[in-house]
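# Architecture and fold: a report
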Amino acid sequence: MSKKLIVIGAGMATGRALEHIFDAGADYDVTLFNAEPRGNYNRIMLSPVLSGDKSYEEIVTHDAAWYDANSVTCRFGERIAQIDRAAKTVTAENGDVLPYDKLMFGTGSNPFMIPLPGHDLEGVIAYRDLEDTERMMDLGPDNKVVVIGGGLLGLEAAAGMALRGVDVTVVHIMGHLMERQLDEAAGYLLRKALVDKGITVKCSANSKEILGENGHVKALLLDDGTELPCDLLVMAVGIRPNVKLAADSGLAVGKGIHVDDQMLTSDPDILAVGECVEHDGAIFGLVAPLYDQAKVAALTLQGEEAKFVQKEISTKLKVTGCDLFSAGDFADGEGREDIVFRDPARGVYRRLVIENDVVIGAVMYGDTADSNWFFGLIKDKTDIAEMRDTLIFGPAYQGGTPMDPLAAVAALPRDAEICGCNGICKGQIEDAIAEGATDLGAVRAVTKASGSCGTCTGLVEQVLAVTLGDDFVIPAAASICGCTDMTHEDVRRMIKSRTLTSMQAVFQECGWKTSCGCHVCRPALNFYLLADWPIEYQDDPQSRFINERKHANIQKDGTFSVVPRMWGGITTPDELRAIADAADKYMVPTVKVTGGQRIDLLGVKGEDLPAIWKDLNDAGMVSGYAYSKGLRTVKTCVGTDHCRFGTQDSTGLGIKLEKTLHGSWTPHKLKLGVSGCPRNCAEATCKDIGVICVDSGYQVSIGGAAGMDVKETELLIQVPTEDETILVIKAITQLYRENAKYLDRIYKWLGKVGMDWVKEQIDDLDNRQALVDRFELSQSVYRHDPWAKHIEDKAETYQPLANLPLEAAE
Amino acid sequence: MSDWIDIAPLDAVAQRGARMIKTAHGCIAVFRTADDEVFALDNACPHKQGPLAEGIVHGKAVTCPLHNWVISLETGMVQGADEGQVATYPARVDDGRILLDRAFLTDRRLAAE
Ligand code: SRM
Ligand SMILES: Cc1cc2nc3c(=O)[nH]c(=O)nc-3n(C[C@H](O)[C@H](O)[C@H](O)COP(=O)(O)OP(=O)(O)OC[C@H]3O[C@@H](n4cnc5c(N)ncnc54)[C@H](O)[C@@H]3O)c2cc1C
Ligand code: SF4
Ligand code: FES
């Protein structure tokens with residue numbers, strides 16, 4: 001005769017255990033009790049049910065047919081009230097007494113309810129089961145909800161309700177969200193994402209009392225006196241293993257029901273699995289370990305050897321729309337070191353905690369594609385000493401045999417995010433391909449993947465290649481040039497992460513295929529190196545285009561043009577006389593007023609450059625950098641000095657800006673304009689950075705252009721004072737310099753990173769100041785007049801190396 | 001037999017750099033590579049006479065400053081899709097001095113006549 005197995009609780013753990021038992025054909029006659037009026041379902045998926053992505057039917061794991069086929073006697077909606085271990089019977093709530101041979105606990109956890117005054121009011125609920133979920137689903141845009149608890153559950157509840165239009169406020173006692181899984185920085189990013197979804201988040205907020213009216217919740221009162229009105233209050237502050245029944249029946253319990261490695265309780269005929277157990281001092285709150293327990297329990301019941309081993313667990317959180325990963329231990333501590341990587345442009349944060357050359361914890365926000373790899377390092381306790389420098393960038397950056405990128409992409413799970421901007425996963429791209437989108441354009445049209453900032457284009461192509469095999473040939477990746485397979489972005493990351501401070505180091509570490517680069521990569525590298533390491537790196541004139549090497553624009557006949565600065569477009573009769581004299585003396589064929597409010601002397605012979613510069617220097621003029629990927633002109637209008645409409649001193653501000661920015665090298669040329677009023681006579685709104693003066697202050701806008709593309713600037717910020725305007729402009733210049741690809745004007749860069757991100761960087765005052773500081777550091781090296789320097793120590797190089805008259809041939 | 005003319009100290013030309021020499025029959029560009037090899041070529045790009053001495057030197061090639069044609073320092077051949085050739089002249093380094101074969105002056109005069 002079959003042995004009788006009674007199971008207490010139809011939860012995720014017991015459901016899995018029963019599957020193993022029946023799959024193995026074990027001879028048990030099972031009776032399954034469940035306090036909830038339903039059978040086993042996937043509790044994790046209550047969140048998609050809440051948000052409306054799934055129906056309850058879709059998350060049922062075992063249906064009537066399954067119980068039937070396995071002859072399970074179902075007693076759903078019935079609680080077990082009592083256990084008589086001596087008699088080996090259980091008593092159901094209705095008084096039925098049933099005998100058992102084996103008993104299995106799977107009673108899960110109880111949500112913890114903070115015993116605040118008012119916690120028993122109608123409308124105060126937890127988030128644990130379908131009933132709770134349905135209460136929340138009944139709400140809509142007219143309702144207000146307060147969620148106490150900024151952990152996984154509370155945030156899922158909040159995000160789900162926010163999607164339904166509910167006005168949600170999350171109240172969290174700690175300083176940052178999900179403090180047990182995330183560190184402060186990741187918690188901050190998460191908070192920002194939730195706030196963007198319209199959720200109000202209050203951290204470091206202490207609840208004092210739940211206020212009611214007619215027995216129903218009305219508001220939450222905080223310590224500081226704030227009253228948050230609500231129609232429903234969800235408490236999601238933690239869970240406690242549900243041990244009451246076990247304790248009452250005399251089993252050994254601590255935090256949970258004590259079990260050994262075989263999942264046996266202190267009574268050898270009674271097992272326990274799931275969140276209700278305590279194994280070796282640990283309790284559990286995620287399903288992965290519960291599944292292992294279920295397997296072990298099933299084997300134990302079949303009389304087979306099995307042993308439950310606790311494994312390192314990771315959390316990949318699914319808080320709607322935010323990519324989070326955390327694993328291991330990431331608390332600060334003695335002897336522990338951090339490696340942190342932030343890519344603000346993509347909203348990516350990564351932190352690894354290292355102890356004795358082993359990764360012991362990881363937190364990732366925004367880009368969790370490599371999380372499996374990092375998790376592997378933690379689990380396997382891999383020695384990372386060798387790859388420490390590039391570790392944080394993930395597997396693709398590790399030395400040795402470079403990882404085949406296609407294999408890496410093939411190995412990605414379907415839910416790995418490929419396109420961060422549009423939140424498109426590998427699976428969605430695969431589906432689109434299966435439905436006939438067989439090239440990049442089609443995938444982009446159907447899924448939007450790679451359609452925004454485009455940085456994932458290569459990845460999308462790799463997914464195409466993996467999915468279509470030989471039918472898809474990846475277009476050559478846009479590497480910088482033939483000297484390398486790396487893109488500008490890759491190389492720049494390497495320069496920063498590996499502290500590459502010389503061009504040789506770049507060639508070496510990035511595996512350049514040529515001995516010393518070429519005319520395409522060297523100017524780009526020279527810029528990246530001097531921008532990232534202004535102090536450490538020595539500018540390399542040989543890696544600059546002739547215009548920048550000789551500080552003059554080369555003409556089609558090999559002569560040069562000379563453009564002295566006219567700060568803010570202002571000149572004097574003396575300067576004009578000096579220019580006229582120089583033009584006469586050096587027989588300059590053309591003197592032209594440029595489009596940048598200054599004067600161009602065109603057609604000067606290379607040998608004459610130091611001499612003409614000297615004359616101009618003597619008259620107080622310096623190089624106008626009319627040739628540079630750097631600050632060009634600051635165009636101004638007359639402003640309050642003369643104009644009847646001027647609101648501020650636009651000319652004066654233009655001069656100050658030009659004086660502070662001059663000499664700075666940027667990814668492409670940088671032109672500014674300052675107009676004294678919105679009539680905009682200085683054409684400020686088609687410059688890289690434009691300032692429009694208004695009565696109340698200064699509107700700083702960026703991203704204009706009037707060259708091959710014509711663009712109007714977009715407003716970055718309005719500030720009240722001239723000083724603040726200058727600070728903002730220094731900061732934005734530095735931000736552009738640190739982040740843009742070489743030869744991208746501001747408007748192109750802006751198209752990639754988005755104005756929102758730029759605004760955040762500048763609005764954050766600490767960050768703004770840090771950018772200004774780095775700008776000034778760089779300017780301490782580069783803000784000078786190259787004419788004077790070249791006259792002093794390079795004049796000779798402007799002359800022919802030798803002058804061999806005819807006679808030398810004889 | 002070669003007759004070498006001492007032009008200048010090697011250090012007068014930067015590594016990965018070039019300088020121009022004037023002759024009665026036009027200009028020559030003298031290049032110094034990263035490995036301290038020297039080369040001498042006509043200072044005029046086959047495309048539109050761009051001054052090669054102002055180009056960026058990389059490996060044993062120079063990129064013309066006007067429109068980025070790439071020219072081999074060893075052969076004077078234009079690289080890649082473009083076509084053309086620049087005259088090259090014997091050059092060497094001896095005891096830290098750049099030497100050119102006097103023949104280049106004669107050749108150039110002949111070419112010019
Ligand atoms: C001299 C000047 C024309 C003039 O006589 O007015 C000029 C001359 C040249 N411009 Fe310009 N640009 C001049 C004002 C402009 C302006 C107007 C302005 O600054 O307000 C523009 C449009 C505004 C803008 O930049 O958005 C302008 C848009 C360009 C572009 C297109 C840039 C783009 O991003 O689309 C180029 C090409 C490039 O930089 O790659 C260019 C490139 C050039 C170069 C440097 C071409 C070259 O590489 O040889 C020209 C050098 C001529 C020479 O032989 O010296 N120039 N150029 C102006 C110098 C201004 C100054 O004082 O520094
Ligand atoms: C909204 C939500 C989202 C979650 N998301 C995740 C996630 O993303 N990842 C993850 O790993 N985990 C997640 N979890 C946690 C996961 O659901 C639990 O770890 C898991 O369900 C625990 O399984 P269990 O079998 O131990 O208990 P449960 O699944 O809770 O089952 C216990 C059952 O026992 C019943 N019961 C209790 N006492 C008795 C009794 N005396 N008699 C009869 N029946 C009784 C209860 O009614 C209950 O149905 C989430 C949980 C929730 C609530
Ligand atoms: S528009 Fe500018 S780049 Fe074009 S020919 Fe005129 S000066 Fe030269
Ligand atoms: S003149 Fe040399 S590339 Fe045009």
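This text follows the structure it describes.
In this report, the structure presented in the accompanying data block is examined. The written sequence of each chain sets the order in which its residues are numbered from 1. Just so you know, chain letters begin at A and ligand numbers begin at 1, following the order they were written in. This being a predicted model, a pLDDT of at least 70 is required before a residue's local features are given, and a value of 80 or more before pairs of side-chain atoms are given or counted; all residues contribute to the totals for chains, interfaces and linings. The side-chain quantities take in all heavy atoms of the structure and omit both hydrogens and water.

## As for the overall build of chain B
Cut-off, in case you're wondering: A helix here means a DSSP run of H or I that spans at least four residues, while a strand means a run of E at least two residues long, and both kinds are numbered starting from the N terminus. A 1.4 Å probe rolled over the protein chains alone gives each residue an accessible area, and that area as a share of the maximum for its type sets the label: buried under 20%, exposed over 50%, partly exposed in between. The contact definition used throughout considers only heavy atoms, calling two residues in contact when any of these lie within 4.5 Å. Note on areas: Shrake-Rupley, 1.4 Å probe, and residue coverage restricted to the protein chains presented here.
Of the regular secondary structure elements, chain B holds one helix and ten strands. Each helix and strand of chain B, ordered N terminal to C terminal, gives the series β-β-β-β-β-β-β-β-β-β-α. When each of the 113 residues of chain B is scored for burial, the buried share is 50%. Counted over contacts in chain B with a minimum sequence separation of 6, partners at least 24 positions apart contribute 42%. When the accessible surface of chain B is split by element, carbon and sulfur atoms take 46% of a total near 5,000 Å².

## Some remarks on the packing of aromatic side chains
Residue and element names in this part refer to chain A. Selection rule: Stacked, tilted and edge-to-face pairs are distinguished by plane angle, under 30 degrees for stacked and over 60 for edge-to-face with tilted covering the rest, among Phe, Tyr and Trp rings (Trp via its six-membered ring) whose centres lie within 6.5 Å.
A full pass over the atoms with the stated rule returns 15 aromatic pairs over all chains. Taking 6.4 Å as the distance between ring centres and 75° as the angle between the ring planes, the aromatic pair formed by F325 and F375 counts as edge-to-face. Taken together, the residues span a long stretch of sequence, with F325 in strand β22 (residues 324-328) and F375 in helix α9 (residues 371-380) at a distance of 50 residues. Between the aromatic rings of Y625 and W665, the centroid separation amounts to 5.7 Å while the plane-to-plane angle is 70°, which identifies the pairing as edge-to-face. Of this pair, Y625 sits in the loop between α19 (609-618) and β32 (631-636) while W665 is found in the loop between α20 (650-661) and β33 (670-675), placing the two residues 40 residues apart along the sequence. Classification of W665 as buried rests on a relative accessible area of 5%. Taken together through their ring pairs, the aromatic side chains of F22, W66, Y67 and F76 make up a single cluster.

## Quick notes on the pairing of strand β11 (residues 167-171) of chain A
Residues and elements named next belong to chain A. Here is the rule: Pairing between strands is defined by DSSP: at least two bridges between the two strands are required. Here, the term right-handed applies to a crossover whose path from the first strand over the helix to the second runs clockwise when the strands point away from the viewer.
When you tally the buried positions in β11, you get four out of five residues, the bulk of the element. Across five bridges, the pairing between strand β10 (residues 144-148) and β11 is parallel. Residue pairing across strands places V146 opposite T169, the latter belonging to β11. As for the winding sense of the linkage, the β-α-β connection from β10 through helix α5 (residues 152-163) to β11 is right-handed. Sheet analysis places β11 next to strand β12 (residues 200-202), joined by three bridges and oriented parallel. Note on β12: the bridge partner recorded for V171 is K202.

## Some points on the nonpolar core
Proteins that are soluble and globular tend to have nonpolar side chains buried together. All names here are of chain A. Where we set the bar: Here, the term nonpolar core denotes a set of buried Ala, Val, Leu, Ile, Met, Phe, Trp, Tyr and Cys residues that are joined through side-chain atoms within 4.5 Å.
In this structure, L5, I21, I83, L103 and F105 are the most contacted members of the largest nonpolar core, which totals 50 residues. When residues of this core are assigned to their parent elements, the largest contribution, six residues, is made by helix α8 (residues 287-301). Sequence-distant contacts of I21, that is, excluding residues within four places in its chain, are made with L5, A26, Y28, A298, L301 and Q302. Counting residues in each nonpolar core, the second largest holds 44 residues, with V145, M178, A193 and V363 among its members.

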